[in-house]
Amino acid sequence: MSQQPLQRRERLYIDGEWHEADDVLEVTDLADGGTFAQVAAASPEQADDALAAAQRAESELRETTIPQRVEWLDAIAEGLLERKEELAEVIVREAGKPISSARGEVESAAERFRRAKEEARSLKGEFREGTTAGHEGWKAIVKHEPIGTVLAITPYNYPLSTTALSVAPAMAAGNSVILKPASDTPVSAAILADVISELDLPDGAFNFVPGRGSVIGDVLSGDDRVNAISMTGSSAAGKHVAKESGMVNLHMELGGNAPAVVFPDADLGDVAGQCAKGSFKYAGQRCSAVSRVLAHESVHDEVVDLIEAEMDSWQPGDLFEEDTTMGPLINEGQAEWVEELVEDAVEKGADLVRGGERDGIHFEPTLLANVPHDARIVHEEQFGPVAAVTTFEDEEQAVEIANRGDLALDASVFTSDYDRAMDLSDRLDAGAVRINGAPSHGLGDIPFGGNKASGIGRQGLHTTIEEMVRKKSIVL
């Protein structure tokens, strides 16, 4: 049984103070229906106030020491864990995530703050000597300094842990932060803001500015007081932000359409389990989700049968039940989009093996077989619980199909042939290729990010911190 909906009202946090706003974001309760929270929606003027506050805080933050920042990051991690159950319930309601996954997300977010404090200690600088003619006697100290103000634009699907992957490195590097969360899921970010507000940070060092993208998005991303933009979102939104931004450091992880390339020598039972998890976890609303299974034509039917057998483990249920594995989509518009892609595939000749029905924001776990290569679902991001299985004849065709389109975030290769695995990993156009497993970004120990329309730069705790500092050479 689900708990009673929380009745919450959250405010903006700008320049060290909490603020109301004339407009509010109504946050839908995806577990029980209705509205469970109202969050202040910043006006353009309030967004400008946040920009001014962040810029004022830059000089004071530049004087902070790494031990100070480490203390802040550790306190944030502890604060999140102290509110673990509250945060988990909020994530269930605002994001439609099963409770076990929601608790895991809180733990992941806290761990990212903890690990960021360790990475902060690696910002040690270096000493260099001149080695070219005419500079033999030169000596230089190369030091790291904060880049300035970081605008963090975060997504709805991992509203706390992805936010941590932007905020923790920015703070570790000594930057001011302006956090603009997704309008569908701003409540968990509001709790993070509350935790940070308890710290002894300079006023303006952290600003929480939820609001409608159409109202404040361009105000924030187009302002020259922003020095870096850390964004996770759709490719379309990322392209718009990049177009509006000035000479800033863009750090973007955008849309994905991960192929899983399956060869006959793979362990097909394991393939089915990995592909089912990759397609159905969080109802497929993950940029790293397995969006299409490219099965060699000799094993297509067996792969389809094995994936179907796995689907009983991926069914919707009460989001507060520990064994529930899947919930609804974030809103009706997203559910309609998935329905549109499934209908297109079936109209073009795909076999609907299982599922395919939509009920409001709920979309059945769906399995498509013999999907034509020209079906939109093969090359467009779906963000839904659909395993779309298509075929290939040989390695050349597999690479051509996998690399077709403008999304190149993740990919998987399933084979027992080491040479083939390494060859395919080189030839697939993707920011990360996983061998014999579904794509996963983990906590950020290993850099991840996309090529083409799937992003700019790479994320990961150490990698992101490197993107949020600049080097200054002091020549002696």
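By the naming in an unreviewed UniProt entry, the chain goes by Aldehyde dehydrogenase family protein and is assigned to Halorussus limi.

K.L.:
I'm lost on the packing of helix α2 (residues 66-82) against helix α6 (residues 187-197) in this one. Help?
P.N.:
Two quantities define a packed helix pair, namely the angle between the axes and the distance from one axis to the other. It is the contact of α2 with α6, at a shortest axis distance of 9 Å, that shows an interaxial angle of 130 degrees. By the angle between their axes, α2 is oblique relative to α6. For the pair α2 and α6, the crossing hand works out as right-handed. Along the contact surface, α2 presents Ala75, Ile76, Gly79 and Leu80, while α6 presents Leu192, Val195 and Ile196. Here the residues of the contact of α2 with α6 are counted per class, giving 6 nonpolar, 1 polar and no charged.

K.L.:
Honestly, the pairing of strand β19 (residues 386-392) in this entry has me stumped. Any pointers?
P.N.:
Side-chain direction in a regular strand flips from residue to residue, so the side chains alternate between the two faces of the sheet. The element β19 is largely enclosed, with a buried count of 6 among its 7 residues. Strand direction decides the pairing type here: strand β14 (residues 290-296) and β19, joined by 4 bridges, are parallel. Bridging across to β19, Val293 finds its partner in Val389. The pairing of strand β18 (residues 366-369) with β19 spans 3 bridges and is classified as parallel. Pairing of Leu367 across the sheet is with Ala387, part of β19.

K.L.:
Got a minute to help me understand the nonpolar core in this structure?
P.N.:
A general tendency of soluble globular proteins is for nonpolar side chains to be buried together. Among the nonpolar cores identified, the biggest contains 72 residues, and Ile76, Leu80, Phe113 and Phe206 are the most heavily contacted of them. The residues touching Phe206, leaving out its near neighbours within four places in the chain, are Tyr13, Val167, Val177, Leu179, Ala193, Ile196 and Leu201. Core analysis: the second largest hydrophobic core is formed by 54 residues, Val338, Ala345, Ile377 and Val378 among them.

K.L.:
Looking at this model, I keep getting lost on a negative patch on the surface. Mind explaining?
P.N.:
Where like charges cluster on the molecular surface, the negative patch consists of Glu17, Glu60, Glu71, Asp200 and Asp203. The residue Asp203 is located in the loop between α6 and β10 (206-208) in this model.

K.L.:
Would you mind going over the sheet that holds β14 with me for this structure?
P.N.:
Across a sheet, strands are paired by hydrogen bonds formed along the backbone, either parallel or antiparallel in direction. The sheet built from 7 strands is open, its strands ordered β15-β18-β19-β14-β13-β21-β22 with mixed pairing. Edge positions in the sheet fall to β15 (351-354) and β22 (432-435), since each has one partner strand and no second. Direction aside, the axes of adjacent strands within the sheet are offset by 25 degrees on average.

K.L.:
Explanation requested: the pattern of salt bridges in the structure shown.
P.N.:
By the definition in use, this model includes 39 salt bridges. Here Glu380 ties to Arg376 by a salt bridge, and the two come within 3.0 Å at their closest N and O atoms. With a relative accessible area of 27%, Glu380 lands in the partly exposed category.

Quick notes on the rules
- Residues numbered from 1 in each chain as written.
- Predicted model: local features only at pLDDT ≥ 70, side-chain atom pairs only at ≥ 80, totals over all residues.
- Heavy atoms only, no water.
- Axes fitted to C-alpha atoms, helices over the stretch in contact; angles between N-to-C directions.
- Helix = DSSP H or I, 4+ residues; strand = E, 2+ residues; numbered from the N terminus.
- Parallel < 35°, antiparallel > 145°, perpendicular 65-115°, else oblique.
- Left-handed = near helix turned anticlockwise from the far one by under 90°.
- Contact = heavy atoms within 4.5 Å.
- Nonpolar A, V, L, I, M, F, W, Y, C, P; charged D, E, K, R; others polar.
- Buried < 20%, exposed > 50% of the residue type's maximum accessible area, 1.4 Å probe, protein only.
- Pairing = 2+ DSSP bridges.
- Core = buried A, V, L, I, M, F, W, Y, C linked by side-chain atoms within 4.5 Å.
- Patch = residues over 30% accessible without salt bridge, like charges linked within 9 Å, V, L, I, M, F, W, Y side chains within 5 Å.
- Areas by Shrake-Rupley, 256 points an atom, 1.4 Å probe, with all protein chains shown as cover.
- Salt bridge = Lys/Arg side-chain N within 4 Å of Asp/Glu carboxyl O.
- Lys, Arg positive; Asp, Glu negative; His and termini not counted.
- Charge placed at Lys NZ, Arg CZ, Asp CG, Glu CD.

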